[in-house]
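Residue-level listing of the chains:
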Amino acid sequence: MSGSEEPVLLDTRGRAAYITLNRPQALNALNHVMVRRIAEALTAWECDPDVHTVVITGAGERGLCAGGDIRAVHDDARDGDGSASAAFWRDEYHLNARIARYPKPYVAVMDGIVMGGGVGVSAHGSVRVVTERSRIAMPETGIGFVPDIGGTWLLGRAPGELGTHLALTGAQIGAGDALLCGLADHYVPSAALGHFVDDLADMPVRDALARHVQPPTEGQLAHRREWIDACYAAGTVEEIVHRLLGHGSPDAKEAAETLLAKSPTALKVTLAAIRRARRLGPLERVLDQEYRVSCAALSSPDLVEGVRAQIIDKDRNPRWSPATLAEVTDADVERFFAPLGDRELGLAGPGTAPAR
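Student: Please set out the sheet that holds strand S4 (residues 63-65) residue by residue, giving values where relevant.
Tutor: Pairing is parallel in the open sheet, where 3 strands are placed in the order S4-S6-S8. Sheet topology places S4 and strand S8 (135-137) at the edges, where each strand pairs with a single neighbour. Averaged over all neighbouring strand pairs, the angle between strand axes comes to 15 degrees, with direction disregarded.

Right, dumping it as structure tokens:
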């Protein structure tokens, strides 16, 4: 395999080490090999005194990373026993936690599309840079899945109910809103990214930031906080939809219509997951919970059906089961949070009980 065909390119220049996700034809979607390669590089660079900064970017013009290789998860859930997906998530979530605790500056260049697993390898970093091209989202409910990679931890910490809105609708946000929601730290125009990334080889991160950071354009969510906070504070997804439809704002009505097209099961599990994540504390405990939820989703019909409709057949007409919010029971939701016994992720240590 030539260097250009490697799914992850690794390089060191000056005081920085560089990770380039290199599957541009798949919008740099993460697979298991890529996760392992990144983890190995982080281990080596942590002990290398010549490496002061780690930088992650994506190859191509479209974005950093569109998420995990969901086609592989679909095939594993439909035709296999789910063990391959569970093994992938185990290593991926360990990597997410590793990035969050990395002892050296970890600079994530969140240019273009950054979704799902792409958020996991970027938004847990210590220095997160967005541009006017950034489009960030956790779109899992649209494929019958639930935000993972620490997504419920990240979104649970957003101001008010903004994170609940983003988790349930899967809405894409730009630079200004990513900064507002705590998913990013700095804005650098895309035209300056090349110089910024190169400067990191020669100077400390703070100096490179000082040279290139600019004020971002304002996002949209700040002006929508009133109805988002009022509607998404409801205790159930049904009540959230009811409040959205009754609010009177066209944007609130559009959000309700978006929710009604998502997997009813995924919506209810996502709401429960993000509420529990706020009580769990550290990221590691939330990743343990997300691992339980993700593994349970492998046996849910909505994951296979959602990926089929949105990604494989692209008919955009998923047949959810159950088909309505009213048909999803509390017991259906609780099943996703059941302990896994000796298959637990275990990032938070032994004996960690699920939140309720």
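Student: So what's going on with the pattern of salt bridges? Residues and values would help.
Tutor: Under the criterion given, the structure shown has 22 salt bridges. One salt bridge connects Asp111 with Arg133, and the closest N-O pair in it is separated by 3.0 Å. Of this pair, Asp111 sits in the loop between strand S5 (106-110) and strand S6 (113-115) while Arg133 sits in the loop between strand S7 (127-130) and S8; the two residues are 22 residues apart in sequence, bridging distant segments of the chain. Looking at Asp111, the relative accessible area reads 14%, which means it is buried. By relative accessible area, which is 31% here, Arg133 ends up partly exposed. Three or more residues are tied together by salt bridges with common partners; here these are Glu305, Arg308, Asp313 and Asp315.

Student: Go over the sheet that holds S5 with me, naming the residues and quoting the values.
Tutor: Strand order across the open sheet formed by 6 strands is S1-S2-S3-S5-S7-S9, with mixed pairing between neighbours. For this open sheet the edge positions go to strand S1 (8-13) and strand S9 (186-187), each flanked by a neighbour on one side alone. As judged from the 6 bridges shared by S1 and strand S2 (residues 16-21), these two strands associate in the antiparallel manner. If you follow Leu10 over to S2, its bridge partner there is Ile19. Set on the sheet, helix H1 (residues 32-46) makes contact with S1, S2, strand S3 (53-58) and S5; between it and S1 the angle comes to about 20 degrees. Strands S3, S5, S7 and S9 of the sheet are contacted by helix H9 (residues 205-212), whose axis makes an angle of about 20 degrees with S7.

Student: Go over the nonpolar core with me, naming the residues and quoting the values.
Tutor: Judged by nonpolar contacts, the single largest core of 96 residues is most densely connected at Ile19, Leu21, Leu42, Ile136, Tyr232 and Leu244. In terms of nonpolar packing, the next biggest core, distinct from the first, is built from 18 residues, Val127, Leu193, Val197 and Ala201 among them.

Student: I'd love a proper account of the environment of Ile99, names of residues and values included.
Tutor: You can see Ile99 is positioned in helix H3 (residues 83-100). For Ile99, a relative accessible area of 2% gives the class buried. Distance from Ile99 to Ala39, taken between C-alpha atoms, is 9.0 Å for residues 60 residues apart in sequence. Apart from residues no more than four positions distant in its own chain, Ile99 is found in contact with Leu42, Tyr106, Gly120, Val121, His124 and Gly125.

Student: Run through the environment of Ser294, naming residues and quoting values.
Tutor: Relative to the helices and strands, Ser294 resides in helix H14 (residues 283-297). With a relative accessible area of 1%, Ser294 lands in the buried category. Put simply, Ser294 and Trp89 are 205 residues apart on the chain and 8.2 Å apart in space, counted from C-alpha to C-alpha. Leaving out residues up to four positions away in the same chain, Ser294 has contacts with Trp89, Tyr93, Phe145 and Asp148. There is a polar contact of 2.8 Å between the side chain of Ser294 and the side chain of Tyr93.

Student: I'd like a rundown of the pairing of S3, residues and numbers included.
Tutor: For S3, the buried fraction is high: 5 of the 6 residues fall into the buried class. Pairing geometry for S2 and S3, over 6 bridges, is parallel. Bridged to Leu21 within S3 is Gly58. The parallel pair S2 and S3, bridged by H1, forms a crossover whose chirality is right-handed. The pairing of S3 with S5 spans 3 bridges and is classified as parallel. Directly across from Val55, in S5, lies its bridge partner Val107.

The rules we used
Residues numbered from 1 in each chain as written. Predicted model: local features only at pLDDT ≥ 70, side-chain atom pairs only at ≥ 80, totals over all residues. Heavy atoms only, no water. Pairing = 2+ DSSP bridges. Helix = DSSP H or I, 4+ residues; strand = E, 2+ residues; numbered from the N terminus. Axes fitted to C-alpha atoms, helices over the stretch in contact; angles between N-to-C directions. Salt bridge = Lys/Arg side-chain N within 4 Å of Asp/Glu carboxyl O. Buried < 20%, exposed > 50% of the residue type's maximum accessible area, 1.4 Å probe, protein only. Contact = heavy atoms within 4.5 Å. Core = buried A, V, L, I, M, F, W, Y, C linked by side-chain atoms within 4.5 Å. Polar contact = N/O pair within 3.5 Å; in protein donor to acceptor, adjacent residues only side chain to side chain. Right-handed = clockwise from strand over helix to strand, strands pointing away.

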